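Here is how the chains run, residue by residue.
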Amino acid sequence: VPYDGEKVKLSQKIDGVTDWSTWLMQYAPADIIFERVPFDHPLFILFSSGTTGVPKCIVHGTGGSLLQLMKEHQLHCDIKPGDRVFYFTTCSWMMWNWLVNAMASGANLMLYDGSPFYPDGNILFDYADEEKFTLFGTSAKFIDTLHKQNYKPKDTHDLASVRAMTSTGSPLVDESFQYVYDAIKTDMHLASISGGTDIVSCFMLGYPTQPVYRGQLQGAGLGLAVDVYRADGTQADVGEKGELVCLRPFPCMPVSFWNDPDKARYRKAYFERFPGIWHHGDYVEKTPQGGFIIHGRSDATLNPGGVRIGTAEIYRQVEQLPEITESIAVGQKWGDDERIVLAVVLKEGVTLDDVLIQKIRQQIKQGTTPRHVPAKIIAVTDIPRTKSGKISEIAVRDTINGQPVANTEALANAQALEQYRLRPELQQD
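Residues numbered from 1 in each chain as written. Predicted model: local features only at pLDDT ≥ 70, side-chain atom pairs only at ≥ 80, totals over all residues. Heavy atoms only, no water.

Visitor: Just give me the short version of the environment of serine 170, but keep the residues and values in it.
Guide: Structurally, serine 170 can be placed in the loop between β6 (164–168) and α8 (174–184). Separated by 24 residues in sequence, serine 170 and serine 194 have C-alpha atoms that sit 8.0 Å apart. Setting aside chain neighbours within four positions, we find serine 170 in contact with Ala140 and Lys141. (Helix = DSSP H or I, 4+ residues; strand = E, 2+ residues; numbered from the N terminus. Contact = heavy atoms within 4.5 Å.)

Visitor: Please set out the nonpolar core residue by residue, giving values where relevant.
Guide: Residues Ile314, Val318, Ile328, Leu342, Ile360 and Tyr420 are the most contacted members of the largest nonpolar core, which totals 33 residues. For this core, the secondary structure elements donating two or more residues are α10 (311–318), β16 (324–334), β17 (337–346), α11 (354–367), β18 (376–380) and α12 (393–400). Tallying contributions element by element places β17 first for this core, with 7 residues. Those residues in contact with leucine 342, other than ones at most four positions away along the chain, are Ile314, Val318, Ser327, Ile328, Ala329, Ile360, Ile364, Pro374, Lys376, Ile377 and Ile378. By size, the runner-up hydrophobic cluster in this structure holds 26 residues, among which are Phe86, Leu172, Val180 and Leu190. (Core = buried A, V, L, I, M, F, W, Y, C linked by side-chain atoms within 4.5 Å. Buried < 20%, exposed > 50% of the residue type's maximum accessible area, 1.4 Å probe, protein only.)

Visitor: Outline the packing of α10 against α11, supporting the account with residue identities and numerical values.
Guide: Two measures define how a pair of helices packs: the angle their axes make with one another and the distance between the axes. Their axes nearest at 9 Å, the elements α10 and α11 cross at an angle of 120 degrees. For the element pair α10 / α11, the angle class is oblique. α11 is crossed by α10, and the crossing has right-handed handedness. Residues Ile314, Gln317 and Val318 of α10 form the contact with α11, whose own contacting residues are Ile360, Gln363, Ile364 and Gly367. (Axes fitted to C-alpha atoms, helices over the stretch in contact; angles between N-to-C directions. Parallel < 35°, antiparallel > 145°, perpendicular 65-115°, else oblique. Left-handed = near helix turned anticlockwise from the far one by under 90°.)

Visitor: For unusual backbone geometry, give the residues involved together with the corresponding values.
Guide: Cis geometry marks the peptide bond from tyrosine 118 to proline 119; its omega dihedral reads 0 degrees. Counting through the fold element by element, proline 119 comes out in the loop between β4 (108–110) and α5 (123–131). In this structure, asparagine 150 takes a positive phi of about 65 degrees despite not being glycine. Residue placement: asparagine 150 occurs in the loop between α6 (140–148) and α7 (153–156). For asparagine 150, a relative accessible area of 56% puts it in the exposed group. In this model, lysine 263 sits at a positive phi of 60 degrees, which is unusual for a non-glycine residue. With respect to the helices and strands, lysine 263 occurs in the loop between β13 (256–257) and α9 (264–271). Exposure remark for lysine 263: the relative accessible area of 34% places this residue in the partly exposed category.

Below, the structure is given as structure tokens:
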């Protein structure tokens, strides 16, 4: 599909390629035929991102996906007919499917292809003003980058049409909540949302009629029996970290996995940990306000001295430091225990010297506990990511521990792993 204004057809540039308009000419326009299908008729086949291993091939059903997404759009995001809904996403991420379904609520889709920082960080806000977005969907990393680069869209853009901003991809830290209301827009609904490819939707998301608390997802999705379990399968208390579970069946559960006729892989993925109960793989806690805090993926949690620590607890502290643009924390087997290794991407011109290492450790210690302080801090220039943009802690952990990485095909930049392999700093006390 040539970009607008492109003079040379792709077919003239690349052998064997037909451009879209030429391909369409062989078909006569006709009315669209809408088939009636069973409720669980396959609709999407989605591949999980690969953050925790080989991607799963997940088949989603027509009725369940439609019901779930219309509920999220209309009740959790307040999307109305005629609204203009934007989500910065690639077609390989489930948020694309989420966005497309907004048409079922009568909304118009706002699409964007390219970097959100070209020519600079104002481009999406320019687009929002020009096209009058009502919902602005983005990622926690985008908001954090705007913050660190000191953008203040509230001072440079109107944004009067924007009623809601949603953030997903990773936990939205306390400081990012404050930044959005201070620097982007004061009077809008900010919702940190979380779910996944497994359910092509969210387990926890926003409530337009309820208060927003910094660092929290406002509540469980309506109609979903979401809870937090201890490792022994008992219900965790408010404020106690544990495993995200869903206690009862729900419409958007996958119909099946591709090429899994007896559903053995399906059951192993979600129901092996707590028989008969959906185990999602997020390490979370319930808050006194009825919300949730996500501390990271449960299979990427750190375990120094037998104490479980969510990686997001460390990122919340490290990402406050202006010298650091990004970080990744993993566990390294050391002796009979595990120690925390923190890799940081530094701001241009910054060096990881003893002063900065001490500053990082002090920030983490003050904001969490001494147990959270990394044993080793190293500098890198890149962090491996899946093709949907999520950092891959498992891949880094396996590399540091000398284990084979099972899912390099799912990584957009697998070459980044070489920066973590056989690092001299990690071969000594």
